[in-house]
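Coordinates in review
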Amino acid sequence: MIVAVSASHVVAQEQPLDVAVSAAVDNIAPASSTSHLIDEIDLKDTDITDVMKLLSQKSGINIVLGNSVSGKVTLYLKNVTAKDVLNIIAKTNDLAFVEEPRLIHVMTGSDYEKTYGRKFFKITKTVVQKLNYTSIVDVVPMLERMKSPIGVILTDSRSSTISMNDLPENILDMVAFLREIDIPRMTKIFDLTYAKAEDLSERVNMILTPTVGSMRFDKRTNKISITDVPDKLREIDNLIAAFDVKERQVSIEAKIVQVILSDRFQMGINWEAVLENSHNLNFKGNFDVLSPNDKHGRVSIGTLADDQYTAMIESLQTFGTTQNLSNPHIMVINNQEAKILVGSTEPYVTSTTTTPASGPTTTAETVNFIEVGVKLYVTPTIHNDGYVTLKIKPEVSSVTRNVTTSNNNTIPVVETSEAETTVLVKDGVTIVIGGLIKDEKINTDTSVPILGKIPLLGAAFRSKDHLTRKTELVIFLTPRIASGNVSDKSKLEKRKSDFVK
């Protein structure tokens, strides 16, 4: 065994370790840190425990060895610090050490990796970053999620400074993150005219800069306050300008015509014949009519020039007697449903019986109403090329009979036929809907005055007629796009004003 540690290059051979070290380093001043310089160290096949004891004695460093640390050390070094010796021993023996203010812990590489989540010789880096615009409180939670298990984040609120110690790749990501969010912010208040602040807030939240942007809205005044970076504010400004616009409207003129079919046309109007006689009718197709029990009949859809309405009525008169039931005009907002009802509400009574545990049984009556007649649901969608898509749902219903309940309540039985389709037409073009056929029962009581009221004999002077006639409803719909007053230009100019800081 040869051991020599000397400031004067003196080597002792075949001497006990303590004697050799004592003779070699008599002139070396006591060390107090890992920066102490050792002129020469010569170790051959020396137990690592003895090496650490020697290094501790001559450098003044308190060294603590882990239970798993073992092995032999052979090395020859000149003009090195105590920390250099520790690094070389750690590399050649798969060891690691952790520096603390008063001592150094030496452990195996595997123990270090289990404790700190990384290999010992993976270098860390420290960076100090000062924040100019962003609050430390806002960014520290994000940095804590970005750092590795060995990373350390220290902050100083007074100077708005953050110190980050971590692996180099993590440091790069955290510095880039801070540079991205630590930029000037601005606030702008948007005064909405047509859109609702509550509805727009969801769209705005989706594009706010993460951890930077914030938004508040006031439902009462319909205003939105947004704080974000200037570029993002301009993007949000364009978004709000696109949605806070006046809704376009459609004026719908409806004509509902009843055709009392003659005996020759009990199956309904022959629309193919009407098509042959009217060159201006553009036939779109047939659609099934749905009833509560089954499918029966067909609904015909077509378009007609608005100025050909009179000619179409004259053509329909060849199939029976025409009667104009209704001619309503409605205004509906784009993509909203409009409803037209030509009919009545039929009342009926329902009873609810309550039997308490004690006391008398009570019965409460409730009056309900059901709509019968012709119902028309229309939902328009306006396109920029002057066309309108109409989602149309016509419904024809009537009371066929009544049912009497055990409580003597009369409940009407309603028969309904309905269809649903979507048609694309140009502004001002009339849509024709035909094929809505129903049977009407007409009961007529006739009586001779005075004589018809005589008991027994009066029956000879009274009569009842029951007549069933078949009718077909033809619906004409003419959509017209309502432009209204355009004031959006001045509103857009207003939005181009300077942002409020």
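Please refer to the structure higher up on the page.
Computed from a predicted model, the values in this text were never measured in an experiment.

Inspection of the entire model under this criterion finds 13 salt bridges. Among the ionic pairs, Arg 158 bridges to Asp 156, the shortest N-O distance being 3.8 Å. Here Lys 391 and Glu 420 are joined by a salt bridge, their closest N and O atoms 3.6 Å apart. Here Lys 391, found in strand E21 (residues 387–404), pairs with Glu 420, found in the loop between strand E22 (410–418) and strand E23 (421–426); they are 29 residues apart in sequence, far enough to count as distant.

On the basis of which strands lie adjacent, the open sheet formed by 3 strands has the order E8-E10-E9 and antiparallel pairing. Every interior strand has two partners, whereas the edge strands, strand E8 (125–130) and strand E9 (152–156), have only one. Averaged over all neighbouring strand pairs, the angle between strand axes comes to 15°, with direction disregarded. Inspection of the sheet shows E8 paired to strand E10 (residues 161–166) by 6 bridges, in the antiparallel sense. The partner of Val 128 across the bridge, within E10, is Ser 163.

Time to look at the packing of aromatic side chains. Enumeration over the complete set of coordinates arrives at 2 aromatic pairs. Relative to Phe 120, the ring of Tyr 112 has its centre 5.2 Å away and its plane inclined at 85°; by these criteria the two rings are edge-to-face. Overall, the relative accessible area of 6% leaves Tyr 112 in the buried class. One aromatic cluster is present, formed by Phe 97, Tyr 112 and Phe 120 through successive ring pairs. The aromatic ring of Tyr 377 is capped on one face by Lys 393, whose charged end is 5.9 Å from the ring centroid.

Further remarks concern the sheet that holds strand E13 (residues 223–228). If you trace the 3 strands from one edge of the open sheet to the other, you get E11-E13-E12, paired in antiparallel fashion. Of all the strands in the sheet, just strand E11 (186–191) and strand E12 (214–218) have a single pairing partner and so form its edges. Sheet twist, expressed as the average angle between the axes of neighbouring strands with direction ignored, equals 15°. The sheet contact formed by E12 and E13 spans 5 bridges and is antiparallel. By the bridge assignment for E13, Arg 216 is matched with Ser 225. Its contacts with the sheet place helix H7 (residues 197–207) against E12 and E13, and it is angled at close to 175° to E12. Each of E11 and E13 touches helix H8 (residues 230–243); the most contacted strand, E11, lies at about 10° to it.

It is worth spelling out helix H5 (residues 136–146) at this point. Listed as buried for H5 are Ile 136, Val 139, Val 140 and Leu 143. Viewed end-on, H5 has its buried residues packed into an arc of 110°, placing them on one side of the element. Residues of H5 that are exposed and point more than 90 degrees away from the buried face comprise Val 137 and Arg 145. Each element contacted by the buried residues of H5 is listed here: E9, E10 and helix H6 (168–181).

So, how was this worked out
Residues numbered from 1 in each chain as written. Predicted model: local features only at pLDDT ≥ 70, side-chain atom pairs only at ≥ 80, totals over all residues. Heavy atoms only, no water. Salt bridge = Lys/Arg side-chain N within 4 Å of Asp/Glu carboxyl O. Helix = DSSP H or I, 4+ residues; strand = E, 2+ residues; numbered from the N terminus. Pairing = 2+ DSSP bridges. Axes fitted to C-alpha atoms, helices over the stretch in contact; angles between N-to-C directions. Phe/Tyr/Trp six-rings, centres within 6.5 Å; stacked < 30°, edge-to-face > 60°. Buried < 20%, exposed > 50% of the residue type's maximum accessible area, 1.4 Å probe, protein only. Lys NZ or Arg CZ within 6 Å of the ring centre and 35° of its normal. Contact = heavy atoms within 4.5 Å. Arc of directions from axis to C-beta.

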